[in-house]
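Chain and residue survey
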Amino acid sequence: MSAPPDPSELRIDADRLLARIDELGQIGRIDGPNGEWGNARLALTDEDRAGRDLVVAWMRDLGLDVVVDAIGNVVATRAGVDSTLAPVMVGSHIDTVGTGGRFDGNLGVLAGLEIVETLERAGVTTERPFQVAFFTDEEGSRFAPDMLGSLVYVGGLPLEEALDLVAADDGARLGDELERIGYAGPVPCPTASAPHAYLELHIEQGPILEAEGITIGVVEGVQGISWTEVVIVGQSAHAGTTPMRLRHDPVYCAGAIATYVRDLTRHLGAEQVGTVGRIDVYPNLVNVVPARVVMTVDLRNTDDRVLQEAESRLGTFLDELAGMEGVSITTNSLARFEPVEFDASMVDLVEASAQRLGHSTKRMPSGAGHDAQMLARICPTAMVFTPSVNGLSHNIAEFTEATDIAAGANVLLQVVLDRLDVRRS
Ligand SMILES: [Zn+2]
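Throughout what follows, the structure given in this document is the object of discussion.

Reading the values: the criteria
- Residues numbered from 1 in each chain as written.
- Predicted model: local features only at pLDDT ≥ 70, side-chain atom pairs only at ≥ 80, totals over all residues.
- Heavy atoms only, no water.
- Helix = DSSP H or I, 4+ residues; strand = E, 2+ residues; numbered from the N terminus.
- Rg over C-alpha atoms; globule rule 2.2 N^0.38 Å.
- Buried < 20%, exposed > 50% of the residue type's maximum accessible area, 1.4 Å probe, protein only.
- Contact = heavy atoms within 4.5 Å.
- Core = buried A, V, L, I, M, F, W, Y, C linked by side-chain atoms within 4.5 Å.
- Phe/Tyr/Trp six-rings, centres within 6.5 Å; stacked < 30°, edge-to-face > 60°.
- Lys NZ or Arg CZ within 6 Å of the ring centre and 35° of its normal.
- Axes fitted to C-alpha atoms, helices over the stretch in contact; angles between N-to-C directions.
- Parallel < 35°, antiparallel > 145°, perpendicular 65-115°, else oblique.
- Left-handed = near helix turned anticlockwise from the far one by under 90°.
- Nonpolar A, V, L, I, M, F, W, Y, C, P; charged D, E, K, R; others polar.
- Donors = N, O, S within 2.8 Å, 3.2 Å for Na, K, Ca; no water.

This paragraph deals with the overall build of the chain. Helix and strand counts for the chain stand at 12 helices and 20 strands. Relative to the 2.2 N^0.38 estimate, which gives 22 Å for 425 residues, the radius of gyration of the chain is 23 Å and therefore close to what a compact globule would have. A total of 425 residues make up the chain; the buried ones form 55% of that total. Across the chain, every contact between residues at least 6 apart in sequence was considered, and the portion connecting residues at least 24 apart equals 80%.

Next up on the list: the nonpolar core. By size, the foremost hydrophobic cluster in this structure holds 105 residues, and its most contacted members are Leu17, Val55, Met59, Leu113, Phe130 and Leu199. Residue contacts for Leu199: discarding those within four places in its chain leaves Met89, Val90, Gly91, Met346, Val350, Ala382, Leu412 and Val415. Formed by 23 residues, the second largest nonpolar core is a distinct cluster that contains Ala254, Val293, Leu299 and Ile329.

Attention now moves to unusual backbone geometry. Following Ala144, the chain continues into Pro145 via a peptide bond in cis, with omega recorded as 5°. Take Pro145: it is sitting in the loop between strand E7 (130-134) and helix H4 (148-153). For the bond from Tyr282 to Pro283, the omega torsion is 5°, close enough to zero to count as cis. Mapping Pro283 onto the fold places it in the loop between strand E13 (279-282) and strand E14 (288-289). Residue Asn390 is not a glycine yet carries a positive backbone phi of 60°. Mapped onto the secondary structure, Asn390 falls in the loop between strand E19 (381-386) and helix H12 (402-420). With relative accessibility at 58%, the residue Asn390 sits in the exposed group. Despite not being glycine, Asp421 shows a phi value in the positive range, around 60°. Structurally, the position occupied by Asp421 is in the loop between H12 and strand E20 (422-423).

Here the focus is the packing of aromatic side chains. In total, this model carries four aromatic pairs according to the counting rule given. Ring geometry for Phe103 versus Phe399: centroids 5.8 Å apart, planes at 85°, classification edge-to-face. Of this pair, Phe103 sits in the loop between strand E5 (88-92) and helix H3 (106-122) while Phe399 sits in the loop between E19 and H12, and the two are 296 residues apart along the sequence. An aromatic cluster is present here, built from Phe135, Tyr153 and Tyr198 joined pairwise through their rings. Above the face of the Tyr183 ring, Arg52 is positioned so that its terminal group lies 4.8 Å from the ring centre.

Turning our eyes to something else, we now look at the packing of helix H1 (residues 14-25) against H3. The contact between H1 and H3 brings their axes to 9 Å, and the two run at 140°. Regarding the angle of H1 to H3, the classification is oblique. The chirality of how H1 crosses H3 is right-handed. Along its contact with H1, which presents Arg16, Leu17, Arg20, Ile21 and Leu24, the element H3 presents Asn106, Leu107, Leu110, Ala111, Leu113, Glu114, Glu117, Thr118 and Arg121. Classifying every residue of the contact of H1 with H3 by side-chain character gives seven nonpolar, two polar and five charged.

The protein atoms donating to the zinc ion are His93 (NE2), Asp104 (OD) and His202 (NE2), with metal-donor distances spanning 2.0 to 2.2 Å. Along the chain, the residues donating to the zinc ion fall in the pattern H-x10-D-x97-H. Within this pair, whereas His93 is found in the loop between E5 and H3, its partner His202 is found in strand E8 (residues 197-203), the two being separated by 109 residues in sequence. Take His93 and His202: they sit in the same class, and that class is buried.

Structural data, given as C-alpha cells:
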C-alpha cells in the first residue's frame, strides 16, 4: 500500500461530486423549455423528505455517524483521532425555493461529502472530527424566517417558537410537518457544543465573479436583511359603478409601494437593494376593486445604519399612503438580521488557500443570506463563492461550470484540512 499523499496535494473528484448533485437534483426536478433544469424541494414537503433520505443514505454509506436534531437539522460526523476536540463543520442546505436551481445549497453539502470520500480514499486521519451538516428551511419560502434551522441551532430563536411557525402556502405547522416527514429528531437544539470552525461553499447567486472573470469569491460577510409583510385593507367595490374619488384601493397602494421601494434604493446608494417579491390580491377578480392585498418588501444592505434608514422611510411612506387612499396598512416583520462580518483569520485562510491553488480571488460581501451567518455567532466562520453563469439563481437556469465547482470544492478541502490538524498515517 502506498503512503498517504501530502494533504496539500489532495484533490476532490469533480465528476463524483457532480454526479451526486445531478442525482439529488432529480428529486423535485423541473425542466425548462431549453434544456435547463432545476428543483422544487420546498422545506418539509415530500420532495424535501426524499432529498433528505438520499443525502442521509450517502452519509451512512460513507460511514458517518448521522444525527437529527429537534428542528430537523442533520449532522454527520467522521471521527477524529481525538474525539474530545471540537469538530470542523462544513454545511449548507438542501431545501430549495419553488423554482430553484440544483446548485444552491446542495453544492455546499455535497462538497462536504466529497471531502469525506476524498479523505477516506486517501487514508487520511485527522486530529479533529469532521462534520457535514444540512440545516432545515434555509430558503424560508415556506416558513419564514429564512435560515431557520441554523438560527435555532445557534440559539437565535427558541425551538418551541420555530415549531409553531405556519407555512405560507398551506397553513401547516412546522412541527407537524417535521413529524410527518420523519425528521423531528431526538438531539436537542440549540446545539450544546460549538464547532471549532464552520465553512460553507456556495454559488455566488449574482453576476460579479463571472463579469470580472474571477474563480473564487472570498466572502467577508453577509448583508443585513429586513423582510416585512405589508397588509393593506381597503374596500371591495364594483369596478364599473364606483367613482374613482370614492375608492379605497389596496392594489393601487401595492403599486405605489413597489415604485417607492425602487425609488428608495436610488436615494440610499448602490449598496441598498429592495424587492417586492410577493403580492397576493383578494378577491383577485377582473371587475372588482380589491378588498385586500398582502405583499412583502425585502430590504438589504451591508451597512445596518442605512438599512435602518430604509426601514424608517418605508414606514413613513406607508403611513402617508394609508391616509391618502383611506385604507389601513399594517406591517409584520418576517425576518430581520443584522449584517455579519466573518472571522478575519478564516477569511485570510480562504484567500490564501485559493491563491495557492492558482485561482483568481475577490473579496466580497454576500448579497444573499446563508446558514454561515448564523454559525458565525458561535464559531469562526467563512464562505467560499463560485461563479454563477449569468448571475442567475432561484431560477431553474442556475448554472455553475464544472471547473468552477472543482475549484471551489478544492479550496474548501484545503481550508478544512488546515483547520482539522491532519495526521499522516
Ligand atoms: Zn443557498
